[in-house]
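Observations on the model geometry
Now for the letters of each chain:
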Amino acid sequence: MTSLIHLGIAYNMLQTPVLNTIAKNFPNLFCLDVAFNELCDFREACRELETLESIKMLYLTGNPL
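Cut-off values and rules
Residues numbered from 1 in each chain as written. Predicted model: local features only at pLDDT ≥ 70, side-chain atom pairs only at ≥ 80, totals over all residues. Heavy atoms only, no water. Helix = DSSP H or I, 4+ residues; strand = E, 2+ residues; numbered from the N terminus. Buried < 20%, exposed > 50% of the residue type's maximum accessible area, 1.4 Å probe, protein only.

1. Some thoughts on unusual backbone geometry
In this structure, Met13 is a non-glycine residue whose phi angle is positive, near 60°. Its location among the elements puts Met13 in the loop between strand E1 (6-8) and helix H1 (18-25). Given the relative accessible area of 67%, Met13 is considered exposed. A positive phi angle is found at Phe36, which is not glycine, with a value near 55°. Structurally, the position occupied by Phe36 is in the loop between strand E2 (31-33) and helix H2 (42-49).

Function cannot be read off these values alone, since they describe shape.
So this is what it looks like as structure tokens:
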């Protein structure tokens, strides 16, 4: 699944640590929609996603960041 470029997983009650798994499994993401989940720590979320070099669109709306 390394060729996946869009992942839409809004409204799933995901927490920040899952972002590391997403970044490792889908390194070529262009767009990631994790809106309306349970992401609480903005700095940690950024750290987890910093390896996504192709990311252009990131949706974080509705998270308690």
